[in-house]
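So you can see what is in the structure, the chains are spelled out below.
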Amino acid sequence: MDRRNFLKNTAASMGALAGLTTGGTKGEPTPMIESPIKDIVVPPDGYHAPDWLRYSRTVYFDGYTPPIYPHIDEFDAERLVRIVRELGGDTLRLQPIGFWATFPTKSGYPLHPELGNRDLLWETVQACRKAGLHIYCYTKYNNPFLSMRYVDAHPEYNDWILHGPDGKPSITFEHEGYGVIPLCDATGDAYRRAIHQVIRDYTTYDIDGAYFDSPSGFGYTGICYCPTCRRKFKAYCGMDMSRLQNPDDMQARIAWYQWFNEMEYQDLLDFRKILHDSGKFMICHNGATWRPQSLREQYRIPDGFMNGENQVQVYNRIMTAMMGASMARPTKKLSQMYMGDYCLSSPGTPPHDHPWTLENTSEEDTDEVLMDGFGTLAAGSIPMYATLNRLYFGLGDGSNRPAQEVYEVMRRVEPILKDSVVVPYVAVVPSWEALQVWRTKRESWNVNMCEGFTLAMLDEHISLDVCPSTEVNESWLEGQRVIALCGASGLTDYTAKLLTDWVQGGGGLLATYDTGLYDQNGHVRPSGALKEVLGIEFTGEALPTQPECYYRITETHPALGRYQAGSMVKADSRLLPVHAFGGAKVLAECWDLGTKEVRGPAIVVNTYGKGRTVYISGSLEANYTYNRVPSHRRVLASAVRYLAQEAPQPFEISAPKGVYGLLRRAPNGDLMLWLLANVGFKDADIGRMRQEYMPVSKIEARVLIPDGKRVRTVHLVRAGREVPFTIESGYAVARLSDVHVAEIAHIELSS
Ligand SMILES: [Zn+2]
């Protein structure tokens, strides 16, 4: 598409969108429903979460499996507490709300058929308090649980479940024994009322807080067409709900999500008030926070959150844990991740897990739990052991040693780890606005590309941080040297202005693929949000894939490291058409090896004020996740070093590629180099597997000593011993003879 057509089509698409809007003055269309880009309002209420919470060693007891389901006769609170203590935990997350409630509740939530006069919540609270443990309670929030058999026998629950346009219940999955499970009606009234009452019931117990699973979990719910929801939706936006049956009716879809989010926002504030008024904290599942239709910044409402589940790959866990830590840090919240995730079925395996089953009791913990725990801590989040059920029956070898060790190390390093921060060379910024291109039926690959970039930097041993666009502000930018926007499709004017000023003052910006091509509502910005600073102008949207594309280097330049004019490196087979202008220089062009077509500029460098920028018109980082071609990560790494104006790296390690380094600065100024030896069996496609990590010997670690500081000792935390070190060119250099799974080098500094 040539530029004139691109502009014409852009104008046409904006016109089409204007046609979707109502109201307005002086003939100007006013968008009726646009992405809310204002910060979420969380009214201060004087409540402060306890200081221990953001460093808690929580053990999760699941409520869908034995000894809760199907029978409760073997439930013994003293035994639960004994296991938490043996693990070295200090907090129990209990699930009194699952398929059934296991405590007497006024909410109408169906009681466990065997409950009788028992109250498992009360029993557990007594046992925890006697043992000096903290306890908080899980509750479902829009998360399905009723059995259709039960609803058929108790028609009063018909209002709790989601009905399709044909008036029939929408079924989510089938559980062997329990039967088919319908979705919850999250936008009706009956179910929401019940969960409010569950929380009020919780506050009558001596517990510390409550946990919600899971806000914006649209995988758990959907559009309900019951008479109540039809009436409420019509009252909200004037639209007939039947419009939602047309998947192309984006105006109705956008309105529905906004309606849902406003209700959820109100619910979360209500829950928070009920809990805080009784001195209890609130934690939410955060897994759905960074998804296109979610309530923006919902993570700011609770006092802490649990980030995504099933982080099978270590780089993936690191990115999630770092992003969670960046969300939690400004207001000192808890950012938590599972250690020893659930075992769930994986695609392409024999049907041992179909219909849906959980396997909370069958796991036997190995090195994976160590890597989960240490990886989470290295990235600034807190591990939570999942699940206690697997130790309850002492099955297999009932191993608890890996989790025990993680919690034991966590206790020892608390003074230097709690409230520590990353020392980054480069920070990757996932963009909330990139996700919003769904509003114009587009797709953004920003999250995937950020993951690929994270992996490339870990493999290159470059110190990295991850900070979501919602937490980017002037004070955060002050501490950054290089920022990477990886296919950050959407950017607001505000973020673009912040970044432009920051580059002008000396920052280094790497932007790839469609970064800044769209606004926060998914509309094309004809020139892109960062035109001046990057020195490029988009002339269209992404071109289709072509096979065998390479970047042909046209000019030797430090941004390209070892690759000189005339060499070719593997390209992304997709490309954004751009032209460079002003002082910007094209260093490489995209070349189709078969057709010999030059597809357009591939790598463009620019200087802007005191800063530097590099733009890459494809996504080497997304390719790297799957093909691990070395030139991808080398080009990205050399661009980062160039953008940092060749500043010394905070650390360097000489070790095989799978060894990841993460550097943290303690509140007292000491440095901690975390080494994760992620080497051994790897298979990305199979899901949760048993992984054996191989010991790595002879790692040389070099940590840059901050100005005016001296190194007193280098102490290996896990090995429990000091190692000799030398000082070379401002770095403390130490050799580690053997690292299995993880080690932490604590560099103790003095003035
Ligand atoms: Zn409904």
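Rules used in this analysis
- Residues numbered from 1 in each chain as written.
- Predicted model: local features only at pLDDT ≥ 70, side-chain atom pairs only at ≥ 80, totals over all residues.
- Heavy atoms only, no water.
- pLDDT = per-residue confidence, 0-100.
- Contact = heavy atoms within 4.5 Å.
- Salt bridge = Lys/Arg side-chain N within 4 Å of Asp/Glu carboxyl O.
- Helix = DSSP H or I, 4+ residues; strand = E, 2+ residues; numbered from the N terminus.
- Buried < 20%, exposed > 50% of the residue type's maximum accessible area, 1.4 Å probe, protein only.
- Pairing = 2+ DSSP bridges.
- Axes fitted to C-alpha atoms, helices over the stretch in contact; angles between N-to-C directions.
- Disulfide = S-S within 2.5 Å.
- Arc of directions from axis to C-beta.
- Polar contact = N/O pair within 3.5 Å; in protein donor to acceptor, adjacent residues only side chain to side chain.
- Donors = N, O, S within 2.8 Å, 3.2 Å for Na, K, Ca; no water.
- Tetrahedral: all angles 85-135°; square planar, octahedral: opposite > 155°, others 65-115°.
- Domains from an automatic or database assignment.
- Buried area = accessible area lost by both parts, 1.4 Å probe.
- Bend = angle between axes of the 7 residues up to and from the residue.
- Left-handed = near helix turned anticlockwise from the far one by under 90°.
- Nonpolar A, V, L, I, M, F, W, Y, C, P; charged D, E, K, R; others polar.
- Parallel < 35°, antiparallel > 145°, perpendicular 65-115°, else oblique.

K.L.:
I keep staring at the confidence of the model for the protein chain and nothing clicks. Help me out?
P.N.:
Where the model shows low pLDDT, its predicted coordinates should not be examined in detail. Here the protein chain averages 91 in pLDDT, while 91% of its residues score no lower than 70. Note on residues 9-32: pLDDT is under 50 here. Beyond four places in sequence and across chains, it has 22 contacts.

K.L.:
Would you explain the pattern of salt bridges in this entry?
P.N.:
When the charged atoms of two side chains lie near each other, side chains of opposite charge can form a pair. On inspection of all chains with the given rule, the structure shows 36 salt bridges. A salt bridge links K130 to E78; the nearest nitrogen and oxygen atoms lie 2.9 Å apart. With K130 in helix 3 (residues 120-131) and E78 in helix 2 (residues 77-87), the pair connects residues that are 52 residues apart, well separated along the chain. On the basis of relative accessible area, K130 is assigned to the exposed category, the value being 65%. Of the residues examined, E78 reaches a relative accessible area of 38% and is grouped as partly exposed. Between E728 and R702 there is a salt bridge whose closest N-O contact spans 3.3 Å. You can see E728 sitting in strand 29 (residues 725-728) and its partner R702 sitting in strand 26 (residues 696-704), a full 26 residues away along the chain. Taken together, the shared-partner salt bridges connect D39, R296, E297, R300, E433 and E471 into one network.

K.L.:
I would appreciate a short explanation of the sheet that holds strand 2 (residues 91-94) in the present structure.
P.N.:
Note on sheets: strands pair through backbone hydrogen bonds, and any given pair is parallel or antiparallel. Reading around the circumference, 1-2-3-6-7-8-9-10 is the order of the eight strands in this closed barrel, with parallel pairing throughout. Strand-to-strand, the axes of this sheet are offset by a mean angle of 25°, without reference to chain direction. Note: strand 3 (residues 134-140) against strand 6 (residues 209-213), five bridges, orientation parallel. Its bridge partner lying in strand 6, T139 is registered against F212. Its contacts with the sheet put helix 3 on strand 2 and strand 3, and the angle it makes with strand 3 is roughly 155°. Each of strand 6 and strand 7 (281-285) touches helix 7 (residues 250-277); the most contacted strand, strand 7, lies at about 145° to it.

K.L.:
So what exactly am I meant to see when it comes to the state of the cysteines here?
P.N.:
Disulfides are covalent bonds that connect the sulfur atoms of two cysteines. Within this structure, the stated rule accounts for zero disulfides. Not part of a disulfide, C137 finds its nearest cysteine sulfur in C128, a span of 9.2 Å. With a relative accessible area of 0%, C137 lands in the buried category. For C284, which is in no disulfide, the shortest distance to another cysteine sulfur is to C137 and amounts to 15 Å. Accessibility expressed as a relative area gives 5% for C284, which makes it buried.

K.L.:
Could you clarify how one ought to interpret unusual backbone geometry in this entry?
P.N.:
Excluding glycine, residues mostly carry a negative phi; peptide bonds, for their part, are mostly trans. P66 connects to P67 through a cis peptide bond whose omega is 5°. As for its position among the elements, P67 is in the loop between strand 1 (58-60) and helix 2. Residue S214 is reached from D213 by a cis peptide bond, and omega for that bond is 5°. Within the secondary structure layout, S214 lies in the loop between strand 6 and helix 6 (227-237).

K.L.:
Would you explain helix 2 in this entry?
P.N.:
Structural remark: α-helix, 3.6 residues per turn; residues separated by three or four positions point the same way. Among the residues making up helix 2, those that are buried are A77, L80, V81, I83, V84 and L87. Angular distribution of buried residues about the axis of helix 2 spans 160°; they occupy a single face of the element. Packed against the buried residues of helix 2 are strand 1, strand 2, helix 3, strand 10 (382-386), helix 10 (389-392) and helix 11 (401-417). Sitting at the amino-terminal end of helix 2 is D76, which places a side-chain oxygen 3.0 Å from the backbone nitrogen of E78.

K.L.:
Teacher, can you tell me more about the coordination of the zinc ion here?
P.N.:
For a metal bound by four donors in a tetrahedral arrangement, the ideal donor-metal-donor angle is 109.5 degrees, while six donors in an octahedral arrangement ideally sit at 90 or 180 degrees. For the zinc ion, the protein coordination sphere consists of D185 (OD), C224 (SG), C226 (SG) and C229 (SG), at 2.1 to 2.3 Å. One way to put it: the four donor atoms around the zinc ion meet at angles of 101 to 118°, and that makes the site tetrahedral. Counting residues between consecutive donors of the zinc ion along the chain gives the motif D-x38-C-x1-C-x2-C. Residue D185 is located in the loop between strand 5 (179-182) and helix 5 (190-202), and its partner C224 is located in the loop between strand 6 and helix 6; the two are separated by 39 residues in the primary sequence. Here D185 falls in the buried class, since its relative accessible area comes to 2%.

K.L.:
Hey, could you run me through the domain arrangement of the protein chain in this one?
P.N.:
How big an interface is tends to be reported as the loss of accessible area on association of its parts. Once the domains are mapped, the protein chain shows domain 1 (53-141 + 187-218 + 248-419), domain 2 (424-643) and domain 3 (651-750). Its C-alpha centre places domain 1 at a distance of 37 Å from the equivalent point of domain 2. Taken together, the contacts link 24 residues of domain 1 with 25 residues of domain 2. For the pair domain 1 and domain 2, the two sides together bury roughly 2,300 Å², of which 66% comes from carbon and sulfur.

K.L.:
Just checking my understanding: could you explain helix 11 for this structure?
P.N.:
Taken as a whole, helix 11 carries its principal kink of about 45° at R411; the proline P415 stands between one and four residues after it. Considered for burial, the residues of helix 11 that qualify are P402, A403, V406, Y407, V409, M410, V413, I416 and L417. In the stretch just after helix 11, D419 is the one whose phi turns positive, near 65°.

K.L.:
Honestly, the packing of helix 17 (residues 620-627) against helix 18 (residues 630-643) in this entry has me stumped. Any pointers?
P.N.:
Geometry of a packed helix pair, given as the angle between the helix axes and the separation of the axes. Orientation of helix 17 relative to helix 18, taken along the N-to-C sense of each, is 145°, at an axis distance of 9 Å. Here the hand of the crossing between helix 17 and helix 18 comes out left-handed. Listed contacts from helix 18 to L620, E621, N623, Y624 and N627 of helix 17 are H632, R633, V635 and L636. Across the contact of helix 17 with helix 18, the residue classes tally to four nonpolar, three polar and two charged.

K.L.:
Looking at this model, I keep getting lost on the environment of V640. Mind explaining?
P.N.:
Mapping V640 onto the fold places it in helix 18. Separated by 540 residues in sequence, V640 and W100 place their C-alpha atoms 53 Å apart. Not counting chain neighbours up to four residues away, the residues in contact with V640 comprise Y425, V426, F453, M457, I462 and V482.

K.L.:
I tried to follow the packing of helix 13 (residues 446-459) against helix 18 on my own but got confused; where do I start?
P.N.:
At a closest axis distance of 9 Å, the pairing of helix 13 and helix 18 adopts a crossing angle of 80°. With respect to helix 18, the axis of helix 13 lies roughly perpendicular. In contact with F453, A456, M457 and D459 of helix 13, helix 18 contributes R633, L636, A637 and V640.

K.L.:
Help me out: how do you make sense of the environment of P430 in this one?
P.N.:
With respect to the helices and strands, the residue P430 is situated in the loop between strand 12 (426-428) and helix 12 (432-435). For P430, a relative accessible area of 0% gives the class buried. In this structure P430 touches W290, M319, M323, N446, C450, V466, C467, P468 and S469, once residues within four positions along its chain are discounted.

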